[in-house]
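Descriptive structure summary
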Amino acid sequence: MENYLSLFETYDVPAAFWVNIQLSFWAALWALALGTVLALFRISPIPSLQWFGAAYVNIFRNTPLTIILAFGFLGLFSVMQISLASELNVSLFRIAIVGLALYHAAFVCEAIRSGVNTVPLGQAEAARAIGLSFLPAARLIILPQAFRGAIAPLGNVLIALIKNSTVAAAGSVAAEASGLMKTMIEFRSDLVFPIFLTFALGFVILVIPVGLLTTWASRKLAVAR
Amino acid sequence: MTSEPLPATPASSGGPLVSLKNVNKHFGDLHVLRDINLEVARGEVLVVIGPSGSGKSTLCRAINRLETIDDGEIAIDGKVLPAEGKALAKLRADVGMVFQSFNLFAHKSILENVTLGPVKVKGMKAGEAKELAMSLLKRVGVDNQAQKLPAQLSGGQQQRVAIARALAMKPKVMLFDEPTSALDPEMINEVLDAMVSLAKDGMTMIVVTHEMGFARRAADRVIFMADGQIVEQATPEEFFTNPQSERARDFLGKILSH
């Protein structure tokens, strides 16, 4: 037990988790924004936008996240010298956020689209009938109801995103949880299982409230029909 | 039955308010509108009747372009319906529509349902829109439900709100697509009463319905559709007592025999 506790004096485990929380938070915000725009493209009456939305989703949803993040680090950062900040660590951190956001935006788009499918066609027809054009109808009538119908699937995307933030290790964000776990296992091979369980439990504790919260919210905010 | 136009509707052209010329529409192989020619005068109340699948709902929905047409021309107040975009939205604002399934905005209160169009489409101030909405809700008898959500109201109340929502746009013409077909029998009359009162005030109306009572009380003209064509048109009295075509006699026999 003393052995195990000494781990926390040598290694700052909460700080590593804090990196994942920050990665997840910013990536989730950007993914939500981009995913909403993509969903608008996919339901828009303009064929070229529909095509772009569908192409984006099919490319990013079907590409492994590791590939995207490794490309961000090796391709964009190392080879092409694209830097998003003057400090190395900050730049890597931001590139990881961009990669995570681009990837999860595809899933956010599909979650919102499933929410749009919960809104009866008559709602859009009524909106058009009083003279609203596509964007106002989407903003005032369709999306507010679609988001409420999409809370549960959006929650699933967020859960996946939090766990996927560990893949940022592939983009050389070394300070995040899975990177620290690797280091700890390397130097404290006497405690392999306790170390693993610590990190596994850490993520379970992070993720369970998200699931509970979205289940509660999707019931609470459901549109009565 | 008065046929005076509402004073709120300035006559911008002397011609018919709604005109359809050689309108055709297909759903795949099905020819749902066959060369429809129809004119509706200012202040006229037109009832469209016919068996299901006759194209009457499609006709109604084509008039504000919720259904596209393959060829022909539809004009509102002399202006041909634009295909897309802002001009179409603007024209739709002049055409009120009441649906079979009410289609009130489910996440907005009754009051917001009525004020949304005037505020967001016409740029009316919130206070003014609220005043207008409350007077319209009062007119259809649901002003005491203004703060509730649509799902908390009965079907009849919801449909009356839908009428108020359409009227809030001060439309030139109102379209009713089977407005009482989804209602429980005891709620049909409250909706029909609101429609009759509207007709008596001189609103131009196109009503797809099977309610003979309404047609007799309020309609100036009845058209009978079958297989995508206008088979017969007459005054309600003439049509119900002395239908000319075999199809109309057959149809009336089926719906009036019990």
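You'll find the structure just up there.
Here's a quick rundown of the structure. (Residues numbered from 1 in each chain as written. Chains lettered and ligands numbered in written order. Predicted model: local features only at pLDDT ≥ 70, side-chain atom pairs only at ≥ 80, totals over all residues. Heavy atoms only, no water.)

Within helix H6 (residues 121-129) of chain A, burial applies to Gly-122, Gln-123, Glu-125, Ala-126, Ala-127 and Ala-129 of chain A. The secondary structure elements touched by the buried residues of H6 of chain A are helix H7 (134-164) of chain A together with helix H1 (56-62), helix H2 (85-93), strand E6 (95-98) and helix H5 (155-167) of chain B. Just downstream of H6 of chain A, Gly-131 of chain A is the residue with a positive phi angle, here 100 degrees. (Buried < 20%, exposed > 50% of the residue type's maximum accessible area, 1.4 Å probe, protein only. Helix = DSSP H or I, 4+ residues; strand = E, 2+ residues; numbered from the N terminus. Contact = heavy atoms within 4.5 Å.)

On to the sheet that holds strand E5 (residues 79-80) of chain B. Ordered by their spatial adjacency, 4 strands build an open sheet running E2-E1-E4-E5 (chain B), and the pairing between neighbours is antiparallel. Looking along the sheet, the strands with just one partner apiece sit at the ends: strand E2 (30-40) and E5 of chain B. (Pairing = 2+ DSSP bridges.)

Its location among the elements puts Asn-64 of chain B in the loop between H1 and strand E4 (71-76). What makes Asn-64 of chain B buried here is its relative accessible area of 0%. Sequence-distant contacts of Asn-64 of chain B, that is, excluding residues within four places in its chain, are made with Ala-129 of chain A together with Arg-92, Val-95, Met-97 and Leu-175 of chain B.

It is common to report an interface's size as the accessible area lost on association of the parts. Opposite the 19 residues of chain A that make contact, chain B presents 23 residues. Counting each side, the surface lost to burial between chain A and chain B is near 1800 Å², with a carbon and sulfur contribution of 65%. Where chain A touches chain B, the interface holds 1 salt bridge. Residues Glu-125 of chain A and Arg-61 of chain B are paired through a salt bridge, measuring 2.5 Å at the closest nitrogen-oxygen approach. Our count for the contact surface shared by chain A and chain B stands at 6 residue pairs in polar contact (both at pLDDT 80 or more). Mapped by element, the contributors of at least two residues to the side of chain A that touches chain B are H6 and H7 of chain A. Counting residues per element, the side of chain A that touches chain B draws most heavily on H6 of chain A, which supplies 7 residues. Along the lines of polarity and charge, the residues of the side of chain A that touches chain B split into 10 nonpolar, 5 polar and 4 charged. (Buried area = accessible area lost by both parts, 1.4 Å probe. Salt bridge = Lys/Arg side-chain N within 4 Å of Asp/Glu carboxyl O. Polar contact = N/O pair within 3.5 Å; in protein donor to acceptor, adjacent residues only side chain to side chain. Nonpolar A, V, L, I, M, F, W, Y, C, P; charged D, E, K, R; others polar.)

Moving on, we come to the packing of helix H2 (residues 13-43) of chain A against helix H9 (residues 192-220) of chain A. All names here are of chain A. Direction vectors running N to C along H2 and H9 enclose 45 degrees, while the axes themselves pass 12 Å from each other. Taken together, the axes of H2 and H9 lie oblique to each other. As H2 runs across H9, the sense of the crossing is right-handed. Contacts between H2 and H9 involve Val-13, Phe-17, Asn-20 and Ile-21 on the former and, on the latter, Phe-199, Gly-202, Phe-203 and Leu-206. Among the residues making up the contact of H2 with H9, the classes are represented as 6 nonpolar, 2 polar and no charged. (Axes fitted to C-alpha atoms, helices over the stretch in contact; angles between N-to-C directions. Parallel < 35°, antiparallel > 145°, perpendicular 65-115°, else oblique. Left-handed = near helix turned anticlockwise from the far one by under 90°.)

Let us look at the nonpolar core. Residues and elements named next belong to chain B. Counting residues in hydrophobic clusters, the biggest one holds 82 residues, and the most contacted among them are Val-18, Leu-20 and Leu-59. Beyond its immediate sequence surroundings of up to four residues, Val-18 is in contact with Leu-38, Glu-39, Val-40, Ile-63, Ala-75, Ile-76, Val-173 and Ile-206. Core analysis: the second largest hydrophobic core is formed by 55 residues, Leu-183, Ile-188, Ala-215 and Ala-226 among them. (Core = buried A, V, L, I, M, F, W, Y, C linked by side-chain atoms within 4.5 Å.)

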